[in-house]
Amino acid sequence: MKFKMKRLGATVATALALSLGTGTFVSLPAQATPVRPATAPRFITTGGDIQNLYNRLGGARSYLGQPTSNKTAWQGGYYQRFQGGVITWGPGVGARSVDTAQFNMYSRNFGLYGWPTRDSWKDGGVVHTQFQKATIIAGYILTPGDIQSLYNRLGGAKSSLGKPTTNKIAWQGGFYQRFNGGVITWGPGVGPRIIDTAQFNMYARNFGMYGWPTRDSWTEGGVVHTQFQKATIIAGYILTPGDIQNFYNKLGGAKSSLGKPTTNKIAWQGGYYQRFNGGVITWGPGVGAKSIDTGHFNTLAGDFGRYGWPTRDSWKNARGTHTQFLRGEITTPPATQPPAVTPPATPPPVVTPPPGTEAPVTQPPAVTQPPAITPPPVEPAYPFTNVIAGPTSVVLYGDSQFDGDSWGEQGARAMGFTDQSAHLVYGGLGYSSYNPWVGGTGWTAVQNEFAPFPGGTPGLVMVTLGGNDATSGQSDAQVIADSAALWAKLKVMYPQSRIVINGVMSRTDVSHDRRRHLDAVLAQNAANLGVTYISVAGLASTAGAEYYDNVHMTQAGHDAVAKLYTEKLAAALGR
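Residues numbered from 1 in each chain as written. Predicted model: local features only at pLDDT ≥ 70, side-chain atom pairs only at ≥ 80, totals over all residues. Heavy atoms only, no water.

1. Describing the overall build of the chain
No. 1: Scanning the chain from N- to C-terminus turns up 16 helices and 35 strands.
No. 2: Residues classed as buried in the chain amount to 43% of the 575 residues present.
No. 3: For the chain, the share of sequence-separated contacts (at least 6 apart) that also reach a separation of at least 24 residues comes to 51%. (Helix = DSSP H or I, 4+ residues; strand = E, 2+ residues; numbered from the N terminus. Buried < 20%, exposed > 50% of the residue type's maximum accessible area, 1.4 Å probe, protein only. Contact = heavy atoms within 4.5 Å.)

And the structure:
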């Protein structure tokens, strides 16, 4: 090897000739002159509490890293930015290390917060910063008061409530604040209460009907309850104070044989009735509240003048199920078992007489026909409830898009389906997304026969699922398989009913891309299977619908969408 080096100031040019044994040489290019980077700006940490805290935390070796600004006078104190956070100094509170994102939020409205009173910290995987007047948790504000006190007492972000999803909001002379796992309300005279999110959404649309919650939401008989000043919500239906509610509670509420409500209390014939999974409670003038067999109530509803009000609860004995009315009794005999099959008698053995004797002449025994065998009863397609749906009935099965007076319900009513025989709505449910209150996903809850579908032949069965599959990251293939299975089962359950599948309600902005995608996936699946499908992708934006969070619309939003959806439903039904 031969090296030839020539120094040119700070640059060294090197030429290398390498013998390959054949007399050939390869020349490598001279090394390029390095370019010196521009000098990085230097920031200064001046003496005082900010520098002292910075040094105490470890200086540039700490999570704060290098300064990215000089110390800046601000609001009668100081702050200085670093690569990993901000150190503030406020009169009376001293120096504090604050998360950068939370400092940026705080610095836009100093008057709302005051100075930080402790360093930022993580709790339940969420960053907290406590100020003189408020606390920031994951980008939302907790202001001092009963809501914050209750939240902290429960365990804050580590509790079932999780992190806040709104700031505290003044409302109806009180306040509420939403969290991942529920809502805390504060009402005058009742204080703070923890409310199930789906039930709060229903309640918030008609505060005057309920008043403030008087206790935290609770689960009983597998059903969520919330008690208000004027009513109780159970599984999405309302129990208003009075004899029907008192009677239901005395029987054991949702843990009794009645189960959960399937309608609200309905004024009728100068009295009231309310349907439940396992029967009907009536209230009539002069006779009070009675628990009635569903089939007997349906008979009563068809001819009230013949029977009048029930005078005692339905009862059962060996003769069947009975209900006594003012003007008669209805009895349903018990189901009869098929008769036992008696095997034919064994013929007597043949006796051979001894030789030489005359055998007596015997008449052959009469041939006895075996009794007819009654075939076993046909297994029903589903263990339906006692509610009997008819031509003007609609069965709703879906997620929280059906909460309250939803766009789907309004469309069904406009088409003449005014009897809501079942409102099976479970927040968080999807074709492939699980909801504990129904015990499965949208498909498996039906597959395992957990969802309380009514009997009869409803005029319309309407399904709205898919939004929770989009937000929970379910795969397209899984949703396709589960939706196809659910639709096929519903057709077996209601072979004469019109079944309509709604798509995934969405806006046109980027945050709803996955929802619009899944709407298209379901639309193609429905087309392949010959299922009636109504796409609602982007319909909320077309209607200019108002939302109270990123997914759920206000009642005004539902009303706006309903006008456009009704046109789509009419076209799907051929109206």
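Picking up after the structure, the text goes on.
2. Digging into the environment of Gly182
No. 1: By secondary structure assignment, the location of Gly182 is in strand 14 (residues 182–187).
No. 2: Gly182 sits in the buried class, given a relative accessible area of 0%.
No. 3: For the pair formed by Gly182 and Ala198, sequence separation is 16 residues and the distance between their alpha carbons is 8.4 Å.
No. 4: Those residues in contact with Gly182, other than ones at most four positions away along the chain, are Leu161, Gln177, Ile195 and Thr197.

3. Remarks on the pairing of strand 25 (residues 320–325)
No. 1: Counting buried residues in strand 25 gives five out of six residues, a clear majority hidden from the surface.
No. 2: Across three bridges, strand 24 (residues 315–317) lies against strand 25 in antiparallel orientation. Counted as the bridge partner of Trp315 is His322 from strand 25.
No. 3: Two successive antiparallel strands, strand 24 and strand 25, enclose a turn made up of two residues.
No. 4: As defined by bridge partners, strand 25 adjoins strand 26 (residues 328–332) across five bridges and the pair is classed as antiparallel. Bridge pairing in strand 26 places Thr323 opposite Ile330.
No. 5: From the end of strand 25 to the start of strand 26, which pair antiparallel, there are two residues. (Pairing = 2+ DSSP bridges.)

4. What about the pattern of salt bridges?
No. 1: Scanning the entire structure with this criterion turns up six salt bridges.
No. 2: The closest approach of N and O atoms between Lys158 and Asp123, which form a salt bridge, is 3.4 Å. Within this pair, whereas Lys158 is found in the loop between helix 4 (146–154) and strand 12 (169–171), its partner Asp123 is found in strand 8 (residues 121–123), the two being separated by 35 residues in sequence.
No. 3: In this structure Lys158 comes out as exposed when scored by relative accessible area, which is 59%. (Salt bridge = Lys/Arg side-chain N within 4 Å of Asp/Glu carboxyl O.)

5. Quick notes on the sheet that holds strand 21 (residues 271–276)
Hydrogen bonding along the main chain pairs the strands of a sheet, whether they run parallel or antiparallel.
No. 1: Read from one edge of the open sheet, four strands run 20-21-22-23, paired in antiparallel fashion. Of all strands in the sheet, those with a lone pairing partner are strand 20 (266–268) and strand 23 (288–292), marking the two edges. Across the sheet, the mean angle from the axis of one strand to that of its neighbour is 25 degrees, orientation sign disregarded.
No. 2: In terms of strand pairing, strand 22 (residues 279–284) meets strand 23 through five bridges, oriented antiparallel. Note that in strand 23 the partner of Gly284 across the bridge is Gly288. (Axes fitted to C-alpha atoms, helices over the stretch in contact; angles between N-to-C directions.)

6. Here we look at the nonpolar core
No. 1: By size, the foremost hydrophobic cluster in this structure holds 32 residues, and its most contacted members are Tyr397, Tyr431, Phe453 and Leu486.
No. 2: For this core, the element with the most residues is helix 13 (residues 476–493), which contributes five residues.
No. 3: If sequence neighbours within four positions are ignored, Leu486 has contacts with Tyr397, Tyr431, Gly442, Trp443, Val446, Val463 and Leu465.
No. 4: Core analysis: the next-biggest nonpolar cluster, separate from the first, contains 25 residues, Phe417, Ala545, Val561 and Tyr565 among them. (Core = buried A, V, L, I, M, F, W, Y, C linked by side-chain atoms within 4.5 Å.)

7. Thoughts on the layout of surface pockets
No. 1: Within this model, the second largest pocket holds a volume of roughly 700 Å³.
No. 2: Along its surface, the second largest pocket is lined by 31 residues, and Tyr237, Ile238, Asn264, Glu409 and Gln420 are the ones closest to its centre.
No. 3: Breaking the lining of the second largest pocket down by element, the ones donating at least two residues are helix 6 (207–210), strand 19 (237–239), strand 21, helix 10 (407–414) and strand 29 (419–425).
No. 4: When residues of the lining of the second largest pocket are assigned to their parent elements, the largest contribution, four residues, is made by strand 29.
No. 5: Of the residues in the lining of the second largest pocket, the class split is 12 nonpolar, 12 polar and seven charged. (1 Å grid on protein atoms, 1.4 Å probe; cavity = no way out; pocket = protein on both sides within 12 Å on 5 of 7 lines; lining within 4 Å. Points joined across faces, edges and corners; volume = space filled by probe spheres on them. Nonpolar A, V, L, I, M, F, W, Y, C, P; charged D, E, K, R; others polar.)

8. Re the pairing of strand 14
No. 1: For strand 14, a buried count of five out of six residues is recorded, marking the element as mostly surrounded by other parts of the structure.
No. 2: Sheet analysis places strand 13 (residues 174–179) next to strand 14, joined by five bridges and oriented antiparallel. Within strand 14, the residue paired with Gln177 across the bridge is Ile184.
No. 3: The hairpin formed by strand 13 and strand 14 contains two residues between the paired strands.
No. 4: As paired strands, strand 14 and strand 15 (residues 191–195) are joined by five bridges and run antiparallel to one another. Residue Trp186 lies in a different strand from strand 15, and its bridge partner there is Pro192.
No. 5: Here strand 14 folds back onto strand 15 in antiparallel fashion, the turn holding three residues, of which Gly189 has a positive phi close to 90 degrees.

9. Quick word on helix 16 (residues 555–572)
No. 1: Taking 1.5 Å of rise per residue, 18 residues should cover 26 Å, and helix 16 covers 24 Å from first to last C-alpha, within 8% of that figure.
No. 2: Of all the bends in helix 16, the greatest measures close to 35 degrees and is centred on Ala562.
No. 3: When we look at burial in helix 16, the residues that qualify are Gln555, Gly557, His558, Val561, Ala562, Tyr565, Thr566, Leu569 and Ala570.
No. 4: Elements in contact with the buried residues of helix 16: helix 10, strand 33 (460–464), strand 34 (498–502), strand 35 (533–534) and helix 15 (539–543).
No. 5: Two residues or fewer after helix 16 comes Gly574, characterised by a positive phi angle close to 70 degrees. (Expected span 1.5 Å × (residues − 1). Bend = angle between axes of the 7 residues up to and from the residue.)

10. Remarks on the environment of His552
No. 1: As for its placement among the helices and strands, His552 is situated in the loop between helix 15 and helix 16.
No. 2: When the C-alpha atoms of His552 and Asn201 are compared, they prove to be 9.0 Å apart, with 351 residues separating the residues in sequence.
No. 3: Residues contacting His552, with those up to four places away along its chain left out, are Ser400 and Tyr547.
No. 4: Only 2.8 Å separates the side chain of His552 from the side chain of Ser400, close enough to count as a polar contact. (Polar contact = N/O pair within 3.5 Å; in protein donor to acceptor, adjacent residues only side chain to side chain.)

Note that every value here comes from positions in space, so none of it alone points to a role or purpose.
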